[in-house]
Amino acid sequence: MEPGCILPDHRIQELKKEGNIVLTSLARLCECSKEDLLRVLMDRNTPQIVDQPQEGVFGYKKYKKQENNKVRTLREPKPQLKKIQETIRKYLLRIPVSLASTAGEGGDSADKNAELHRYNPYLITLDIKNAYPSIDTARVHKNLKTSLLGKGYVDTRAPLIENKEHQELFIAALTHLCVSENELPQGAPTSNQIQNIVMLSVDKAIEKRLPELHASDAIYSRYADDMAISFPCFRTMTVLEEQFRNYLKIFHHGTKDQCQQAIENFSQEKFILTDNYEHKYLTASIKKIRKLISDSPHFTEDEKYQHIGIIDTYKKRIERSGRRIEEIEKEILQII
């Protein structure tokens, strides 16, 4: 029997009983006869000899593929099983997944995923190691059960399934048709969508965390096991712009008391800079403030000298965070 088997022979025997409504519903879902479906389920329990294909076996063809200096083990289902999985895939596509997921639908590609990040200068890429093998049978079963039973998808597609016992058998059989050797097989039609379902909680956690990091207008996407996060600038730039927009407005239009209060507030400011672009913006903004103070009718020459001296101490209060990319990457890795 296959490692991690979730539908042992005695459970298949339950399906074989005459009039079993779970088998009827599964055959209807898979768009095949009950006899063919039983043959698939039973043959999935037969240990496979990879290099000696047997006639009538509904298993997988295993082969190695090298991509970007990585060797991947692909499992391509044989025609009968592949046809059933393609039908199951249509069913699974009804389950909502994160909008960040860009693999699973027809026409999706790695190039289309990369295009989302084309115009953002800051980019983090992560590759989930052993993404498919790390999703074992138990994990597939748990996520299908949560997604299908929790949302009522079993009821809408298989209205005959009424009690919990039948639902459990239905999900176990569905899982059995989509896994191989206790893992999600890379190369099967159902695997991308199942991975998207399994990764939904991770996608949500990353999308929730990104606004809390110092990244502005971040874009997150995941093409199967390839994750990408990009953003046009760090939020530190947005904070700088807001700070100096207020200061320039006060020094340009404010009263003497307002300007003096602004100078006192400025003396306590800290400036977190991420890159040279932000430093250039800070320097240019300081020059504008110095000129506004120098031209101000509110202050005497001695007051102007003192105030400009306070403004010029900003250099001592700059904090550089040149490792923001690495820090954000660590945050995302912790979520994963």
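Note that this is a predicted model, so its numbers are computed, not measured. Numbering of residues begins from 1 in every chain and follows the order in which that chain's sequence is written. Predicted model: local features are reported for residues with pLDDT of at least 70 only, side-chain atom pairs are reported and counted for 80 or more only, and whole-chain, interface and lining totals are derived from all residues. Here the side-chain values reflect all heavy atoms present in the structure, with hydrogen atoms and water set aside.

Chemist: I'd like a rundown of the sheet that holds strand E5 (residues 226–231), residues and numbers included.
Modeler: Taken together, 3 strands build an open sheet; the order of strands is E3-E5-E4 and the sheet is antiparallel. The open sheet has two free edges, formed respectively by strand E3 (122–127) and strand E4 (219–223), since each of these has just one partner strand. Between one strand axis and the next, the sheet turns by 15° as a mean value, whatever way the strands run. Strands were regarded as paired on the criterion that DSSP finds at least two bridges between them. By definition, any uninterrupted DSSP run of H or I lasting at least four residues is a helix, any uninterrupted run of E lasting at least two residues is a strand, and each is numbered from the N terminus. Relative to E5, E3 is paired through 6 bridges, and the arrangement is antiparallel. If you follow Asp127 over to E5, its bridge partner there is Asp226. To define axes, lines are fitted to C-alpha atoms, for helices over the stretch in contact only, and angles between the resulting N-to-C directions are given on a 0 to 180 degree scale.

Chemist: I'd love a proper account of the pairing of E5, names of residues and values included.
Modeler: Here the term buried applies to any residue with accessible area under 20% of the maximum for its type, exposed to any over 50%, and partly exposed to those in between, with areas from a 1.4 Å probe on protein chains only. The element E5 is extensively covered by neighbouring structure, given that 5 of its 6 residues are classed as buried. Examined bridge by bridge, E4 and E5 share 5 bridges and lie antiparallel to one another. Counted as the bridge partner of Ser221 is Ala228 from E5. Turn length for the E4-E5 hairpin, with the two strands adjacent in sequence and antiparallel, is 2 residues, and the turn residue Ala224 shows positive phi of about 60°.

Chemist: How would you sum up the packing of aromatic side chains? Please name residues and give values.
Modeler: The geometry of an aromatic ring pair is captured by two quantities: the separation of the ring centres and the angle between the planes. Ring pairs shown here join Phe, Tyr and Trp side chains whose ring centres sit within 6.5 Å, with only the six-membered ring taken for Trp; geometry is labelled stacked below 30 degrees between planes, edge-to-face above 60, and tilted in between. Following the criterion strictly, the structure yields 7 aromatic pairs and no others. On the numbers, 5.7 Å between centres and 15° between planes, the contact of Tyr122 with Phe231 is stacked. Separated by 109 residues along the polypeptide, Tyr122 in strand E3 and Phe231 in strand E5 bring together distant segments of the chain. Residue class for Tyr122 comes out buried when judged on its relative accessible area of 17%. Looking at Phe231, the relative accessible area reads 0%, which means it is buried. With centroids separated by 6.4 Å and ring planes inclined at 80°, the aromatic side chains of Phe244 and Tyr281 adopt a geometry described as edge-to-face. Of the two residues, Phe244 sits in helix H11 (residues 235–253) while Tyr281 sits in helix H13 (residues 276–294), which places them 37 residues apart along the sequence.

Chemist: So what's going on with the pattern of salt bridges? Residues and values would help.
Modeler: When a carboxyl oxygen of Asp or Glu is within 4 Å of a side-chain nitrogen of Lys or Arg, the pair counts as a salt bridge. One pass over the structure, following the stated rule, counts 13 salt bridges. The salt bridge involving Glu242 is made with Arg245; its shortest N-O contact spans 2.7 Å. Linking Glu242 with Arg245, this pair stays in helix H11, spanning 3 residues, or about one helical turn. Exposure remark for Arg245: the relative accessible area of 48% places this residue in the partly exposed category. In this structure, Asp295 and Lys291 form a salt bridge, with 2.8 Å as the shortest nitrogen-oxygen distance. The same class applies to Asp295 and to Lys291, which are both exposed. Among the charged side chains, a network of salt bridges with common partners joins Arg75, Glu181 and Glu183.

Chemist: Describe the environment of Leu81, with residues and values.
Modeler: Here Leu81 lies in helix H4 (residues 79–92). With relative accessibility at 0%, the residue Leu81 sits in the buried group. As a C-alpha pair, Leu81 and Leu41 span 40 residues in sequence and 9.6 Å in three-dimensional space.

Chemist: Can you explain the side chain of Gln85? Please cite residues and give values.
Modeler: Here Gln85 shows up in helix H4. A relative accessible area of 0% places Gln85 in the buried class. A distance of 2.9 Å separates a polar side-chain atom of Gln85 from the backbone oxygen of Leu177. Every residue in contact with Gln85, bar those within four places of it in the chain, is listed here: Tyr60, Pro77, Leu177, Cys178, Ala188, Pro189 and Thr190. Side-chain atoms alone can form a polar contact between residues adjacent in sequence; in general such a contact is a pair of N or O atoms within 3.5 Å, and within protein one must be able to donate a hydrogen while the other accepts it. Whether two residues are in contact is decided by their heavy atoms, any of which lying within 4.5 Å being enough.

Chemist: How would you sum up the nonpolar core? Please name residues and give values.
Modeler: In terms of nonpolar packing, the biggest core is built from 42 residues, with Leu7, Leu15, Leu37, Ile88, Phe170, Leu174 and Leu177 touching the most fellow members. In contact with Ile88, other than residues within four places in its own chain, are Cys30, Leu174, Leu177, Cys178 and Thr190. Throughout this description, the term nonpolar core refers to a set of buried Ala, Val, Leu, Ile, Met, Phe, Trp, Tyr and Cys residues connected via side-chain atoms within 4.5 Å.

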